[in-house]
Amino acid sequence: MKHLMYALTLLLCSTLTNAINAQEVKLKETTVLVDDKPAFSFDKKNLNNEFHLYKLNTQEELVVLQQQHIGSETSAVNDYKKLIFAKQNIVIESKVLRPRNWKFLIQLLLTEKVLDVSGSIDEKNLERFAGKYDEKITPRK
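As a starting point, this report considers the structure included with it.

The rules behind these values
- Residues numbered from 1 in each chain as written.
- Predicted model: local features only at pLDDT ≥ 70, side-chain atom pairs only at ≥ 80, totals over all residues.
- Heavy atoms only, no water.
- Phe/Tyr/Trp six-rings, centres within 6.5 Å; stacked < 30°, edge-to-face > 60°.
- Buried < 20%, exposed > 50% of the residue type's maximum accessible area, 1.4 Å probe, protein only.
- Helix = DSSP H or I, 4+ residues; strand = E, 2+ residues; numbered from the N terminus.
- Lys NZ or Arg CZ within 6 Å of the ring centre and 35° of its normal.
- Contact = heavy atoms within 4.5 Å.
- Core = buried A, V, L, I, M, F, W, Y, C linked by side-chain atoms within 4.5 Å.
- Pairing = 2+ DSSP bridges.
- Axes fitted to C-alpha atoms, helices over the stretch in contact; angles between N-to-C directions.
- Salt bridge = Lys/Arg side-chain N within 4 Å of Asp/Glu carboxyl O.

## Structural notes on the packing of aromatic side chains
Argument step 1. Enumeration over the complete set of coordinates arrives at three aromatic pairs.
Argument step 2. Here Phe-42 and Phe-51 contribute two aromatic rings whose centre-to-centre distance is 4.9 Å and whose plane-to-plane angle is 15°, an arrangement assigned as stacked.
Argument step 3. For Phe-42, a relative accessible area of 7% translates into the label buried.
Argument step 4. Measuring from ring centre to ring centre gives 4.7 Å for Phe-129 and Tyr-133, while their planes differ by 45°; the resulting arrangement is tilted. Of this pair, Phe-129 and Tyr-133 both sit in helix 3 (residues 123–133), separated by four residues, roughly a single helical turn. Judged on exposure class, the residue Phe-129 and its partner Tyr-133 are both buried.
Argument step 5. In this structure, Lys-81 packs its charged tip against the face of Trp-102, placed 5.1 Å from the ring centre.
Argument step 6. Sitting over the face of the ring of Phe-104, Arg-100 holds its NZ or CZ atom 4.1 Å from the ring centroid.

## Quick look at the environment of Val-91
Argument step 1. Relative to the helices and strands, Val-91 is located in strand 7 (residues 90–94).
Argument step 2. Considered as a pair, Val-91 and Asp-134 are 43 residues apart in the sequence and their alpha carbons are 7.9 Å apart.
Argument step 3. Not counting the four nearest positions on each side in its chain, Val-91 is found in contact with Lys-82, Leu-83, Ile-84, Asp-134 and Arg-140.

## Describing unusual backbone geometry
Argument step 1. For Asp-36, which is not glycine, the phi torsion reads 65° and is therefore positive.
Argument step 2. Summarising the element assignment, Asp-36 is placed in the loop between strand 2 (31–34) and strand 3 (37–45).
Argument step 3. We note that Asn-46 has phi near 55°; this positive angle belongs to a residue other than glycine.
Argument step 4. With respect to the helices, strands and loops of the structure, Asn-46 is situated in the loop between strand 3 and strand 4 (50–55).

## Brief notes about the nonpolar core
Argument step 1. Counting 29 residues, the largest nonpolar core has Val-32, Phe-40, Leu-53, Leu-83, Phe-85 and Ile-92 as the members making the most contacts within it.
Argument step 2. Looking at this core, the elements that each hand over two or more residues are strand 2, strand 3, strand 4, strand 5 (61–68), strand 6 (80–85), strand 7, helix 2 (102–111) and helix 3.

## Topic: the sheet that holds strand 6
Argument step 1. Across the sheet, seven strands lie side by side as 1-2-3-4-5-6-7; this open sheet has antiparallel pairing. With one partner strand each, in any of the chains shown, strand 1 (25–28) and strand 7 form the two edges of the open sheet. Going from strand to strand, the sheet's axes swing by 25° on average, the running direction of each strand aside.

## A look at the side chain of Ser-41
Argument step 1. Looking at the element boundaries, Ser-41 is found in strand 3.
Argument step 2. In this structure Ser-41 comes out as buried when scored by relative accessible area, which is 10%.
Argument step 3. Setting aside residues up to four positions removed in sequence, Ser-41 forms contacts with Thr-30, Thr-31, His-52, Leu-53, Tyr-54, Lys-55, Leu-56, Asn-57 and Thr-58.

## Thoughts on the pattern of salt bridges
Argument step 1. One pass over the structure, following the stated rule, counts eight salt bridges.
Argument step 2. Ionic pairing is found between Lys-87 and Glu-60, a salt bridge with its closest N-O pair at 3.1 Å. With a gap of 27 residues between them, Lys-87 in the loop between strand 6 and strand 7 and Glu-60 in the loop between strand 4 and strand 5 connect regions that are remote in the sequence.
Argument step 3. On the basis of relative accessibility, which here comes to 64%, the residue Lys-87 falls in the exposed class.
Argument step 4. Relative accessible area serves as the criterion here: at 31%, Glu-60 is assigned to the partly exposed category.

On their own, these measurements won't tell you what the molecule is for.
Given below as structure tokens:
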């Protein structure tokens with residue numbers, strides 16, 4: 001019983017901490033709003049299978065998010081999300097993130113402190129994030 005109380009207390013504290021630190025992300029036209037303030041620009045391509053995130057009002061690309069389809073079915077179990085950080089030369093391929101939408105992925109990058117609202121990428125946090133989510137689905141050089 002004592003362990004159950006500790007576990008419930010820990011769960012409650014972590015939930016409250018995440019709720020307090022969570023930033024609300026909205027996509028409006030070609031702008032990403034974080035807590036109702038413009039933070040990034042974006043462009044959707046390839047029938048919404050690609051999401052390009054830029055520094056606000058620039059063409060400086062931060063990350064490309066892609067939905068990768070394997071086979072002819074659009075909701076195939078083998079599909080995955082691909083996050084490309086070209087400037088940092090890091091690619092993350094993840095089936096875990098497959099069902100998640102673009103807004104969720106941006107929120108996750110902010111929460112994991114890979115990205116901040118000024119458009120800076122923390123390379124140490126990016127490497128940690130890649131270690132956590134990259135499933136190395138396709139062969140790499």
